[in-house]
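Here's the letter readout for the chains.
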Amino acid sequence: MVLIRLVAPIYAHPVPFSILDLRLSQNQGQLEGSLVAHVSYLARDLNVTPAETLLDPVTLESKKDAILTLLRPSILLAADGQPLDLELLRTEPLPDRRAVALHLRFNTKAFPAALRIQCSLFTSEPEHRTFLNIYEEGLLAHQEIFDKDHTTLDYFTGSRQVALAVVKKFIPGGIYHIFTGPDHILFIVGLLLMGGSLMRLLTIVTAFTIAHSITLSLAALDVVNPPARLIEPAIALSIIYVGIDNLMVGKSGWDVRAWIAFFFGLVHGFGFAGVLREFGLPRQALGWSLFSFNFGVEIGQVCIVVVVASLLAALRSRNKAAGERVATVGSVIVILAGSYWFIQRVFF
């Protein structure tokens, strides 16, 4: 009996996750939500001891302003590019779960087409996760997990303006990817080194465009989805092949660059798809997202073609021998760069 009287309650390690629910209603034009957080994490950031005092309704209500100050930099929402102000409507202790429920509202002027969500709750705890549930008209539309390495989500709603929002995001995304992808740029440059008429160059570029559009769509729709460990070395091999073909064409005169562009364009399309998936494809506007990203890639590609082809044509018109030397040296550089990427992607 003495031992029983000495027993004190003990608690396990706090559950290392929070739950954030966001609810969108097109009829009411509202964006409301709730956050369920463990009292241990919340008390630590609020400097409250012991943590269980937050389970008292009066104490929790007294900390309402401090909680709001804590949440505002940690949960940031923007609707169609406009930041939303966060309100804490009420607090609710959940003693059975040793957690609290915080009922939120975000002031929106209209139902958004695109919603950017940045969540960085309790980042001092590396194991902490925030589970996000997005509801539209009461139905679960999307789920996401935020952690210290993944804090941002771009979500596209089911509104009529979603297509425009998708275009605004995915066209710049496609342009950015082609300009920050040195392997894709070098492949295109390699195809242009041997020069040719405007019609010939357009045929080469068009073949590449058609091919990567096919596999980009197939991979994005999960029809065909080869692993990156195969695609990335294959892209490097395509660059090596282009450089070798350039040196061989100089001797044979047989120009098959359009076929090379088409065949290897199928491989590059799978590489583009890997990046596209990182953007988060909206189910409500899947076709628009594919078209917009692909169109952005084409804009970047055309810019590269115009600049490189113009410079090479100008050099050849002034000094044909110098133009040929540049093509030869450039092809060797293409082979060396492709070889380096192949070794790196296979063995490292």
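Going by the structure above, here's the rest.
Residues numbered from 1 in each chain as written. Predicted model: local features only at pLDDT ≥ 70, side-chain atom pairs only at ≥ 80, totals over all residues. Heavy atoms only, no water.

Trainee: So what exactly am I meant to see when it comes to a nonpolar patch on the surface here?
Mentor: Taken together, the side chains of Trp288, Phe291, Phe295 and Ile299 present a nonpolar region at the surface, about 410 Å² in accessible area. Relative to the assigned elements, Trp288 resides in helix α10 (residues 286-318). (Patch = residues over 30% accessible without salt bridge, like charges linked within 9 Å, V, L, I, M, F, W, Y side chains within 5 Å. Areas by Shrake-Rupley, 256 points an atom, 1.4 Å probe, with all protein chains shown as cover. Salt bridge = Lys/Arg side-chain N within 4 Å of Asp/Glu carboxyl O. Helix = DSSP H or I, 4+ residues; strand = E, 2+ residues; numbered from the N terminus.)

Trainee: Would you mind going over the packing of aromatic side chains with me for this structure?
Mentor: Given two aromatic rings, their pairing is described by the distance between the two centres and the angle made by the two planes. The final tally for this structure, using the stated rule, is 9 aromatic pairs. For the ring pair Phe156 and Phe170, a centre distance of 6.1 Å and an interplane angle of 40 degrees mean the geometry is tilted. Within this pair, whereas Phe156 is found in strand β10 (residues 152-156), its partner Phe170 is found in helix α5 (residues 162-179), the two being separated by 14 residues in sequence. When the ring of Tyr241 is compared with that of Phe264, the centres are 5.6 Å apart and the planes differ by 50 degrees; the resulting orientation is tilted. Of the two residues, Tyr241 is situated in helix α8 (residues 228-252) and Phe264 in helix α9 (residues 257-279); the sequence distance between them amounts to 23 residues. Classification of Tyr241 as partly exposed rests on a relative accessible area of 42%. (Phe/Tyr/Trp six-rings, centres within 6.5 Å; stacked < 30°, edge-to-face > 60°. Buried < 20%, exposed > 50% of the residue type's maximum accessible area, 1.4 Å probe, protein only.)

Trainee: It is not clear to me how the pairing of strand β2 (residues 30-38) should be interpreted in this structure. Could you clarify?
Mentor: Of all the 9 residues making up β2, 7 are buried; the element is thus mostly covered by neighbouring parts of the structure. Here strand β1 (residues 17-25) pairs with β2 via 7 bridges, running antiparallel. Its bridge partner lying in β2, Leu22 is registered against Gly33. (Pairing = 2+ DSSP bridges.)

Trainee: Got a minute to help me understand the pairing of strand β6 (residues 99-106) in this structure?
Mentor: Here is the key point about a regular strand: its side chains alternate between the two faces of the sheet. Extensive coverage of β6 is indicated by the burial of 7 of its 8 residues. Bridge count between β2 and β6: 8 bridges; the pairing is antiparallel. Following the sheet pairing, Gly33 is matched in β6 by Leu104. Where strand β5 (residues 86-94) meets β6, 8 bridges bridge the pair, whose relative direction is antiparallel. The partner of Pro93 across the bridge, within β6, is Val100. Connecting β5 to the next strand, β6, in antiparallel fashion are 4 residues, including Arg98 with a positive phi near 50 degrees.

Trainee: Just to check I follow, could you spell out the nonpolar core for this structure?
Mentor: If you look at soluble globular proteins, the nonpolar side chains tend to sit buried side by side. Counting residues in hydrophobic clusters, the biggest one holds 50 residues, and the most contacted among them are Phe156, Phe187, Ile188, Leu191, Leu276 and Phe293. Of all the secondary-structure elements, those providing two or more residues to this core are α5, α6 (182-192), α7 (198-220), α8, α9, α10 and α11 (320-347). It is α9 that provides the largest number of residues to this core, a total of 10 residues. Core analysis: the second largest hydrophobic core is formed by 42 residues, Ala43, Leu54, Leu77 and Ala141 among them. (Core = buried A, V, L, I, M, F, W, Y, C linked by side-chain atoms within 4.5 Å.)

Trainee: Explanation requested: the environment of Glu61 in the structure shown.
Mentor: Within the secondary structure layout, Glu61 lies in helix α3 (residues 57-62). With relative accessibility at 40%, the residue Glu61 sits in the partly exposed group.

Trainee: What exactly am I supposed to notice about the packing of α10 against α11 here?
Mentor: A packed helix pair is summarised by two numbers, namely the angle formed by the two axes and the spacing between the axes. Taken N-terminus to C-terminus, the directions of α10 and α11 make an angle of 140 degrees; their axes are 5 Å apart at the nearest point. In terms of their interaxial angle, α10 and α11 are classed as oblique. Here Leu312, Leu315, Arg316 and Arg318 of α10 lie close against α11, whose contacting residues are Lys320, Ala322, Gly323, Val326 and Ala327. In the contact of α10 with α11, the residues fall into 5 nonpolar, 1 polar and 3 charged. (Axes fitted to C-alpha atoms, helices over the stretch in contact; angles between N-to-C directions. Parallel < 35°, antiparallel > 145°, perpendicular 65-115°, else oblique. Contact = heavy atoms within 4.5 Å. Nonpolar A, V, L, I, M, F, W, Y, C, P; charged D, E, K, R; others polar.)

Trainee: Explain the sheet that holds strand β7 (residues 114-119) here, please?
Mentor: Across a sheet, strands are paired by hydrogen bonds formed along the backbone, either parallel or antiparallel in direction. The 4 strands lie next to each other as β4-β3-β7-β10, forming an open sheet whose pairing is antiparallel. The strands lining the two open edges of the sheet, one partner per strand, are β4 (82-83) and β10. Across the face of the sheet, α5 comes into contact with β7 and β10 while running at roughly 140 degrees to β10.

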